[in-house]
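# Summary of structural features
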Amino acid sequence: MSAERPTLPPVRLHSEAELARDALSAPLFARAAQLARWAEPGVPVGVGGELLQERLAAAVDHLGLSADEDGAGYAAEAWQLAVDTGLVEIEESAEAAEEGDAQPDDAVAGTATPGEELALLTSGSPQDILDIWLGGMETVLADAVAPDLSDIADQLADGGELDLDAIDWNPEEEAELLDGILGNLYLLTALNEDPEQAVPLPALAASMIVPDDMDEPTDDILEEVSEAMMRLDDQFRVLEPIGLVAYRPVDEALIEELDEDGATVIPQGPSTGSGPGGTPTPEPLEDEDVSRYGMVRLTPLGVYAVRARMLDAGVDAPAVGDLTDKGADVLLDALPGYPEPLAQAESEQWLAARKPHDAARDLLAAARGDDEDAPLRRLACQQTLSLAGPEAEPALREVLDDRQLGGLARVWLAEHGATDVPEPSQDMIFWLTVDTIAAQLGAADAAEESAAELRALVEGLVGRHSGFFETAWRVDHPATADVLEAMGRLHPDRKTAKEARKAAFKARSRQGS
């Protein structure tokens, strides 16, 4: 894997069958399919494939929508989605082809009939359905970042040329903001143990605007966050009907306050303290207050869609189950970077696809090595094997005399109540201790709570073994000196820390470095 290729935490995906059902039940997509079937006799359409006024009214009635402006808007959006996704096909009339652009806007320009894609919604595979839905989702994303049509209409009505600067719209910036927001939502979903937890809109907007090193946001930054929040409110209202997000909009009363006096509508004093993924989080508010500012989360279908877009963009966005058909070496290399619940889920699927004895043998073979990452691989091996059943026991007994694996094998056998397990030698105990701390050091790089656990482990080890450092510096392990130096940094007692540093110096001299 290229070191320059972005990597994200893994996510849990619903099955393709479940996701396909979600896609078919998304309101906008469901209406598009209904109208595609309704078009079976052939429906006359205008120059752009749009429904003419009389037919639009019939479409509103067919969908069971109210015969008002909103109902017509919903029907027109669904029809356009059906056209964009190939659920309906349009055959241009001969007369329209001859007249070109000269025909009036309300003239019949062609006939719409059900497209080939429509049949796939009932006879195709779940992946066929998801492919069609993804195409529609991209159309809706483009709509979400489009400028306000009323502003464009006003410009054209005045006889002027379209001026994007005058309507304060930059297509690249809008698309980049929304992509970033969806990426942050994806990251939060991956890191959160509760994927159903929604995110307050102010925190989401702040995650894209407030600089990481800003302790207290300025008034200008707060205003920028507020403006972004209102744009996101409009965009999420567009994205929810396609099933990408679950969204509770900003309270209309807050929007009115903004319109009246230009005040910011974000909660007072948002903190720039980072939550998961570096996302700034607002000051604590009562639940009912937070919800007034808008709450959003990716749906399972949304997680699937954002991941698909990231994969297309070259981002490494793993999902639980990706490693099921990979070798034990690939599994052990990947697991240290997974959050604990997802690492367990990945391990369970990997083990379930293999015979226990074969799986254990492969894991133990992949765990060997003197390289820098080997201790982490052995820790991942130990954690994965803890999920294996008693059928794995013969494979563990095979490595009891192995210098690198004998210690973890004895731990596994003891935890599984095995009998006739030989006592480990002192050399093996100390080698396993150094290996375990080396793995913990690698796993604790970015986690303060893990560092605290490691400090407690170091204190406990030294406290239980008098003369620990006199023996530890002689351990024939590549990480011995590094581990002893770390123990010197971590132990709170100055005298003990000094002993650890002296032992580290001896270990380096012994290793000739």
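Residues numbered from 1 in each chain as written. Predicted model: local features only at pLDDT ≥ 70, side-chain atom pairs only at ≥ 80, totals over all residues. Heavy atoms only, no water.

## Regarding the overall build of the chain
Put simply, the rule is: Numbering of helices and strands runs from the N terminus, with a helix taken as a DSSP run of H or I at least four residues long and a strand as a DSSP run of E at least two residues long. Residue burial is assigned from relative accessible area. The probe radius is 1.4 Å, only protein chains are included, and a residue is buried under 20% of its type maximum, exposed over 50%, and partly exposed in between. Whether two residues are in contact is decided by their heavy atoms: any pair within 4.5 Å suffices. The Shrake-Rupley method, run with a 1.4 Å probe, gives the accessible areas here. Residue values count only the displayed protein chains as cover.
Along the backbone of the chain there are 25 helices and 6 strands. Of all 513 residues assigned to the chain, the portion counted as buried reaches 44%. Partitioning the contacts of the chain with sequence separation of at least 6, the portion at a separation of at least 24 is 69%. Here the chain has roughly 26700 Å² of accessible surface; of this, 48% comes from carbon and sulfur atoms.

## Observations concerning the confidence of the model for the chain
Condition: Each residue carries a pLDDT value, the predictor's own confidence for that position, ranging from 0 to 100.
In the predicted model, the chain carries a mean pLDDT of 85, and the fraction of residues at 70 or more is 84%. Considering each helix and strand of the chain separately, the mean pLDDT is smallest for helix 5 (residues 94–99), with a value of 54, and largest for helix 1 (residues 16–25), with 98. Here residues 1–5 scores under 50 on pLDDT; set against residues more than four positions off or in separate chains, the count is 5 contacts. Below pLDDT 50 for its whole length, residues 268–285 participates in 37 contacts with residues either more than four positions away or in separate chains.

## Quick look at helix 11 (residues 219–239)
Heads up, the condition is: Here the expected length of a helix is defined as 1.5 Å per residue gap, with one fewer gap than residues.
Here helix 11 spans 30 Å end to end across 21 residues, near enough to the 30 Å set by a 1.5 Å rise per residue. Along helix 11, the residues that are buried comprise Ile-221, Leu-222, Val-225, Ser-226, Ala-228, Met-229, Met-230, Leu-232, Asp-233, Gln-235, Phe-236 and Leu-239.

## Description of the sheet that holds strand 3 (residues 110–114)
Using the following cut-off: Pairing between strands is defined by DSSP: at least two bridges between the two strands are required. Convention adopted: a line fitted to C-alpha atoms gives each axis, helices being fitted over their contacting stretch, and angles between N-to-C directions are expressed from 0 to 180 degrees.
Taking strand neighbours across the sheet as the criterion, the 3 strands line up as 1-3-2 in an open arrangement whose pairing is antiparallel. Edge positions in the sheet fall to strand 1 (43–45) and strand 2 (88–92), since each has one partner strand and no second. Adjacent strand axes in the sheet meet at a mean angle of 35 degrees when their direction is disregarded. Where strand 2 meets strand 3, 5 bridges bridge the pair, whose relative direction is antiparallel. Bridging from a neighbouring strand, Ile-90 pairs with Ala-112 of strand 3. Lying over the sheet, helix 4 (residues 69–84) contacts strand 1, strand 2 and strand 3, oriented at roughly 80 degrees with respect to strand 2.

## Points about the nonpolar core
A general trend in soluble globular proteins is that nonpolar side chains are found buried together. Quick reminder of the rule: Here, the term nonpolar core denotes a set of buried Ala, Val, Leu, Ile, Met, Phe, Trp, Tyr and Cys residues that are joined through side-chain atoms within 4.5 Å.
Counting residues in hydrophobic clusters, the biggest one holds 89 residues, and the most contacted among them are Trp-79, Trp-133, Tyr-186, Phe-236, Leu-239, Ile-242 and Leu-244. Leaving out residues up to four positions away in the same chain, Phe-236 has contacts with Ile-181, Leu-185, Leu-201, Leu-204, Val-245, Tyr-247 and Val-296. Listed in part, the 33 residues of the second largest apolar core include Ala-367, Leu-400, Trp-412 and Ala-418.

## Here we look at helix 17 (residues 356–367)
To be explicit about the condition: To obtain the arc, one takes the directions from the helix axis to the C-beta atoms.
Here helix 17 spans 16 Å end to end across 12 residues, near enough to the 16 Å set by a 1.5 Å rise per residue. Among all positions of helix 17, only Ala-359, Ala-360, Leu-363, Leu-364, Ala-366 and Ala-367 are buried. An end-on view of helix 17 places all buried positions within 165 degrees of arc, on one side of the element. Residues of helix 17 that are buried make contact with helix 15 (328–334), helix 16 (340–352), helix 18 (374–385), helix 19 (393–397) and helix 20 (406–415). Where helix 17 ends, the next residue or the one after it, Gly-369, has phi of about 140 degrees, a positive value.

## Here we look at unusual backbone geometry
For Asp-420, which is not glycine, the phi dihedral falls at a positive 55 degrees. Tracing the backbone through its elements, the reader meets Asp-420 in the loop between helix 20 and helix 21 (426–443). Owing to a relative accessible area of 70%, Asp-420 belongs among the exposed residues under this scheme.

## What about the pattern of salt bridges?
Spelled out, the test is: A pair is scored as a salt bridge if a Lys or Arg side-chain nitrogen falls within 4 Å of a carboxyl oxygen belonging to Asp or Glu.
Under the counting rule described, the total for this entry stands at 18 salt bridges. Arg-237 is the salt-bridge partner of Asp-233, the closest N and O atoms lying 3.0 Å from each other. Here the residue Asp-233 and the residue Arg-237 both occupy positions in helix 11, the gap between them amounting to 4 residues, near one helical turn. For Asp-233, a relative accessible area of 1% corresponds to the buried category.

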